[in-house]
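# Remarks on the overall topology
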Amino acid sequence: MANDRTRNPGATTMPGAGNASGVSLLVRFWLEPRESAGAEPVLRGYVRNLKTGEESYLNDPSSLAEQVRRQLEADERALGAERPKTGEAAG
């Protein structure tokens, strides 16, 4: 079964948005100069969870996907702890 984005590429809803949680992240990258004259600058960055304010700094931009995955997993664990288990009354 096709999701909204497959049927309508301009749709603003995310696949599974009706039953999934998400996390808002700010990702920032910058070029940091090196101390040695003529040395290429280093690409640095961070990922900030906008809900918790937690920041993870990146020395390797290729680790961005791993950082995002960790943030999503942490958010899911936190939400799971807040949700009542099946059969429990919300209270």
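To be clear, the structure that these remarks concern was listed above.
Here we come to the environment of Val42. Of note, Val42 is situated in strand E2 (residues 42–49). Residues Val42 and Trp30, spaced 12 residues apart in sequence, show a C-alpha to C-alpha distance of 8.2 Å. If we skip the residues at most four places from it in the chain, Val42 touches Trp30, Leu31, Glu32 and Arg34.

Time to look at a nonpolar patch on the surface. Together, Val27, Phe29, Leu31 and Leu43 give the surface a local cluster of nonpolar side chains, amounting to about 330 Å² of exposed area. Of all the elements, strand E1 (residues 25–32) adds the most residues to the nonpolar patch, at 3 residues. With respect to the helices and strands, Leu31 occurs in strand E1.

How each quantity is defined
Residues numbered from 1 in each chain as written. Predicted model: local features only at pLDDT ≥ 70, side-chain atom pairs only at ≥ 80, totals over all residues. Heavy atoms only, no water. Helix = DSSP H or I, 4+ residues; strand = E, 2+ residues; numbered from the N terminus. Contact = heavy atoms within 4.5 Å. Patch = residues over 30% accessible without salt bridge, like charges linked within 9 Å, V, L, I, M, F, W, Y side chains within 5 Å. Areas by Shrake-Rupley, 256 points an atom, 1.4 Å probe, with all protein chains shown as cover. Salt bridge = Lys/Arg side-chain N within 4 Å of Asp/Glu carboxyl O.

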